[in-house]
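# Structural overview
Each chain, letter by letter, is given below.
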Amino acid sequence: MSVVARFRRIPKRSWQEMRTAYLFILPALVLYLVFVFWPVLQSIGISFYEWSGLGKQMTFIGLDNYLTLFTQDAVFRLSLRNSIIATLVLALIPTALGLGFAALFSNLRGGGAYRSAIFLPYLVSMVAVGTIWSWIYNPRIDAPGLLLKALGLGAWTHDWLGEQATALPAAMVPAIWRFTGFAIVIFYAAIQTIPMDLYEAARVDGASGWQSFWKITLPLVRPAMTIVVVWMTMDALKLFDLIFVLTRGNPNHATEVIATWMFVTTFRHYKMGYGAAMAVVLFLLILGFSVIYIRWATRGEEEG
């Protein structure tokens, strides 16, 4: 169903009802315009200037900041690659784990307790998560190494955050650990809205548990999946505090993401305009990923 057709199906409201609705929306809209929309416009404007951020002198340089980003800044290109990798990892793995655990807990006695336990990490700030996992990865403790040695896989141990090959995957583990809890709660709520009659009818028809999941659960939780993936995508592209606490982008920029390199460039190298250009690129990436996935996820619904 097209957007226009949906709009035509919305019942008409009186002017008094519409005015009341707008009055309720107005405070949040004002706050959004002042603290979100206006800073975005300012960042876009500043990105066309060379400015240290310390004085009033600003030199207009047009698109030079953007050209430098993609043609001369090797660290930015590396951070862009790492951000895209992190986005794919954090959009796919926590979503898959969250859906699987939610389906399991919905059929498990006492599933609410397990769900709450797994959701707890999401209530912890990213700074605290980074601090906890920096202790876990500390070479003096090396909890993953102790586990591998107990399993007879001691040869697989590494300096997880100190080697370029393992630093980024190691940094993704705590992010997956934290985000999975959010995905479980969203999917569990969506599964609870599915009528049990559908599963009973499928069972009578001889469908297996996997077939019921694939044919009933998965299609009906698709709107929830859109919410989870878009949320994960935005959080992954904005990832800063976890990486900053764990590695600060090291070793040799192996864990550098756009947000951390933007921070370093803006507040340590005093290149405010250049950092604003990175912020604009990051904004466009978040917008692009979100729009593409929402269009893909709602395509089947619109066709129906």
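Residues numbered from 1 in each chain as written. Predicted model: local features only at pLDDT ≥ 70, side-chain atom pairs only at ≥ 80, totals over all residues. Heavy atoms only, no water.

## Comments concerning the overall build of the chain
To keep things clear, this is the line we draw: The numbering of helices and of strands both runs from the N terminus, where a helix is a DSSP run of H or I of at least 4 residues and a strand a run of E of at least 2. Partly exposed describes any residue whose relative accessible area lies between the buried limit of under 20% and the exposed limit of over 50%, with all areas from a 1.4 Å probe on protein chains only and scaled to the type maximum. Accessible areas in this description were obtained via Shrake-Rupley with a 1.4 Å probe; residue shielding takes into account the shown protein chains only. Positive charge is attributed to Lys and Arg, negative charge to Asp and Glu, and no charge count is given to His or to the chain ends. Throughout, a charge is located at the NZ atom of Lys, the CZ atom of Arg, the CG atom of Asp or the CD atom of Glu.
Per the secondary structure count, the chain includes 14 helices and 2 strands. Projected onto its principal axes, the C-alpha coordinates of the chain cover approximately 70 × 70 × 30 Å. Residues classed as buried in the chain amount to 37% of the 304 residues present. Of the roughly 18400 Å² of accessible surface on the chain, a fraction of 68% belongs to carbon and sulfur atoms. The averaged location of the 16 negative side-chain charges in the chain is 5 Å from the averaged location of its 23 positive side-chain charges.

## A closer look at the environment of serine 116
Mapped onto the fold, serine 116 is located in helix H5 (residues 111–123). We classify serine 116 as partly exposed; its relative accessible area is 41%.

## Some thoughts on the layout of surface pockets
Filter applied, for reference: Only protein atoms enter the calculation, which uses a 1 Å grid: trapped sets of points that fit a 1.4 Å probe without letting it out are cavities, open sets showing protein on both sides within 12 Å along at least five of seven lines are pockets, and any residue with an atom within 4 Å of a point is a lining residue. Grid points are joined across faces, edges and corners, and a volume is the space filled by probe spheres set on the points. Each residue gets one label: Ala, Val, Leu, Ile, Met, Phe, Trp, Tyr, Cys and Pro are nonpolar, Asp, Glu, Lys and Arg are charged, and the others, such as Gly, are polar.
A volume near 370 Å³ is recorded for the largest pocket. Along the walls of the largest pocket sit 14 residues, with Val40, Ala279, Leu282, Phe283 and Ile286 positioned nearest its centre. Per-element accounting of the lining of the largest pocket gives the leading share, 7 residues, to helix H2 (residues 15–46). Looking at side-chain class alone, the lining of the largest pocket contains 12 nonpolar, 1 polar and 1 charged residues.

## Observations concerning the packing of helix H3 (residues 64–71) against helix H4 (residues 74–106)
Going by this rule: In this analysis, axes come from line fits to C-alpha atoms, helices being fitted only over the stretch in contact, and the angle between any two N-to-C directions falls in the range 0 to 180 degrees. Should an angle lie under 35 degrees it is considered roughly parallel, over 145 roughly antiparallel, and from 65 to 115 roughly perpendicular; all remaining angles are considered oblique. Should any heavy atoms of two residues lie within 4.5 Å, those residues are counted as being in contact.
One way to put it is that H3 packs onto H4 with a least axis distance of 6 Å and a crossing angle of 75 degrees. With respect to H4, the element H3 is oriented roughly perpendicular. Contacts from Leu69, Phe70 and Thr71 of H3 reach H4 at Phe76, Arg77 and Leu80. Within the contact of H3 with H4, the residues separate by chemical class into 4 nonpolar, 1 polar and 1 charged.

## Quick word on the packing of H4 against helix H8 (residues 164–192)
Short version of the rule: Less than a right angle of anticlockwise turn of the near helix away from the far helix marks a crossing as left-handed, whereas a clockwise turn marks it as right-handed.
Two numbers describe how H4 lies on H8: the axes approach to 6 Å, and their chain directions differ by 40 degrees. Taken together, the axis directions place H4 and H8 in an arrangement best described as oblique. Viewed along their axes, H4 and H8 form a crossing whose handedness is right-handed. Of the residues contributing to the contact of H4 with H8, the split by class is 22 nonpolar, 6 polar and no charged.

## A word on the side chain of arginine 178
Condition: Salt bridge criterion: a side-chain nitrogen from Lys or Arg within 4 Å of a carboxyl oxygen from Asp or Glu.
The residue arginine 178 is located in helix H8 in this model. The buried charged residue arginine 178 lacks any salt bridge, with aspartate 235 as its nearest oppositely charged partner at 5.0 Å. Filtering out sequence-adjacent residues up to four positions away, arginine 178 remains in contact with Pro121, Tyr122, Val124, Ser125, Met126 and Val129.

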